[in-house]
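Here is how the chains run, residue by residue.
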Amino acid sequence: MTHMHSNWTMPTARRHDWSMAEGAPLIAERMLPGLAAIADRYSGFILDLWGVVHDGERPYPGAVAALDAIAAKGAGVCLLSNSPRRASEVAAMLQDMGVGPARYDHLVTSGEETFAALRDRHSGSSGVSGSCCLHLGPRHLATLLDRLDVTIVENPSAADFLVATGFDATRPAREVAAVLRASAQRALPMVCANPDLVVLIGGRVHWCAGALALQYEELGGTVIYHGKPTAGVYRQCLTRLGLAPREVLAVGDALRTDVAGANAMMIDVALVTSGIHREELGAEWGVFPDPDRIAALLEVCPHRPTLMIPALRW
């Protein structure tokens, strides 16, 4: 690509709402090799983690350098993840990857938001009540419920609500389906601690709690989502950064969550094309796909990135 220059301007005034009638040529104009060309426009960045900063095991090439370059310009960085974990746990994971707190200013997770909602559920604003919780997810993610006044139960007949953190690979799918059916019949609300459908970990696709939530909604169940694309986590990020939406660029790899959430808040958003949509777009990691492939993906999606980058790079 040859669009890397400091006076790059948006090819249309409609930054958040542009029509696919404008097609692949406009998409090509919105493709930038990194953040350097547009970084001066923004005083803060909201960055996704899995699929953008790291692959669940290690940082992507160029990502740490991009964080350092943002810091050198004096812009604020808020990391925003749909991880169903407490923020302190995610911070420890980042530290182990060499992404310590000096490289970002704030960290917001869907897990932390879920924890706060369950902690304060007696106020009546969380959409759930009672103390008996049925956890759906791998055992190690049940730590999200530590230090909460809840009793974990195994049977829907004893539960007041469900908390979905992810898929438990050790539990047969038919058993999970039976739990969902029984829970829906009792009209138990589900709290979804990660709205993502899938996540990339070490280049492999893993199902997330959002897929369980969709199954539950198809059964007529009620789901309360925490994390992207809901407005609450974006408001947290903006508050912590002390910035207005127009002053911030979000960076994420998922149209359904990262781009949709930013669009709803009128925040400019860069789609990382080497993330969760990489196979659909048919390009190797860090290499831009054909604009026609992006156009085909966006043709069936209502969410519109402001620009596209192949990876989180400066």
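Refer to the structure above for everything that follows.
Every value quoted in this text rests on a predicted model; they were computed, and no experiment measured them.

Participant: Which parts of the structure should I look at to understand the sheet that holds strand β1 (residues 44–47)?
Facilitator: Either a parallel or an antiparallel arrangement is found when strands of a sheet pair, and the pairing is made through backbone hydrogen bonds. Taking strand neighbours across the sheet as the criterion, the six strands line up as β3-β2-β1-β11-β12-β13 in an open arrangement whose pairing is parallel. Here the strands that pair on one side only, and so sit at the sheet edges, are β3 (106–109) and β13 (307–309). Shown here is a sheet whose adjacent strand axes are inclined to one another by a mean of 25°, direction ignored. Sheet topology note: the strand β11 (residues 248–252)/strand β12 (residues 268–272) ladder contains four bridges and is parallel. When the bridges of β12 are listed, L249 appears paired with D268. Against the sheet, helix α8 (residues 255–264) makes contact with β11 and β12, and its axis sits at roughly 165° relative to β12, the strand it touches most.

Participant: Explanation requested: the pattern of salt bridges in the structure shown.
Facilitator: Where charged atoms from two side chains of opposite charge approach closely, those side chains can pair. Here the structure, examined in full by the defined rule, presents 11 salt bridges. Between D120 and R119 there is a salt bridge whose closest N-O contact spans 3.0 Å. For D120, a relative accessible area of 36% puts it in the partly exposed group. D149 is paired through a salt bridge with R121; the nearest N and O atoms lie 3.1 Å apart. Of this pair, D149 sits in the loop between β4 (132–136) and β5 (151–153) while R121 is found in the loop between α4 (110–119) and β4, placing the two residues 28 residues apart along the sequence. The class of D149 is partly exposed, set by a relative accessible area of 45%. Residue class for R121 comes out buried when judged on its relative accessible area of 1%. Ionic contacts of the salt-bridge type, sharing partners, join the residues D48, K228 and D258 into one network.

Participant: It is not clear to me how the nonpolar core should be interpreted in this structure. Could you clarify?
Facilitator: Looking at soluble globular proteins, one finds that nonpolar side chains tend to be buried together. Core analysis: the biggest nonpolar cluster contains 36 residues, and F45, V251 and L312 have the highest contact counts within it. Looking at this core, the element that brings in the most residues is helix α2 (residues 63–72), giving five residues. Contact partners of L312, with chain neighbours within four places excluded, come to L35, L47, V52, V53, P61, G62, A63, A66, V251 and V272. Of all hydrophobic cores here, the second largest spans 30 residues; its members include C78, Y234, A262 and I267.

Participant: Before we go on, may I ask you to explain helix α3 (residues 87–96) in this structure?
Facilitator: In an α-helix, one turn spans 3.6 residues; hence positions three or four apart end up facing the same way. Listing the buried residues of α3 in full gives A87, V90 and L94. The arc enclosing the buried residues of α3, seen along the axis, measures out at 65°, which places them on a common side. Turned more than 90 degrees away from the buried face of α3, the exposed residues are S88 and D96. Phi for G98, located one or two positions after α3, is positive at around 90°.

Participant: What should I look at first to understand the packing of aromatic side chains in this one?
Facilitator: The relative placement of two aromatic rings is captured by the distance of their centres and the angle of their planes. This model, assessed by the stated rule, comprises three aromatic pairs. Geometrically, the ring pair formed by Y60 and W285 is stacked, given 5.4 Å between the ring centres and 15° between the ring planes. Taken together, the residues Y60 in the loop between β1 and α2 and W285 in the loop between α9 (278–281) and α10 (291–299) connect sequence positions 225 residues apart. Taking the relative accessible area as the measure of exposure, W285 reaches 24% and is therefore partly exposed.

What counts and what doesn't
Residues numbered from 1 in each chain as written. Predicted model: local features only at pLDDT ≥ 70, side-chain atom pairs only at ≥ 80, totals over all residues. Heavy atoms only, no water. Pairing = 2+ DSSP bridges. Helix = DSSP H or I, 4+ residues; strand = E, 2+ residues; numbered from the N terminus. Axes fitted to C-alpha atoms, helices over the stretch in contact; angles between N-to-C directions. Contact = heavy atoms within 4.5 Å. Salt bridge = Lys/Arg side-chain N within 4 Å of Asp/Glu carboxyl O. Buried < 20%, exposed > 50% of the residue type's maximum accessible area, 1.4 Å probe, protein only. Core = buried A, V, L, I, M, F, W, Y, C linked by side-chain atoms within 4.5 Å. Arc of directions from axis to C-beta. Phe/Tyr/Trp six-rings, centres within 6.5 Å; stacked < 30°, edge-to-face > 60°.

It is worth stressing that arrangement in space is one thing and function is another; only the former is reported here.
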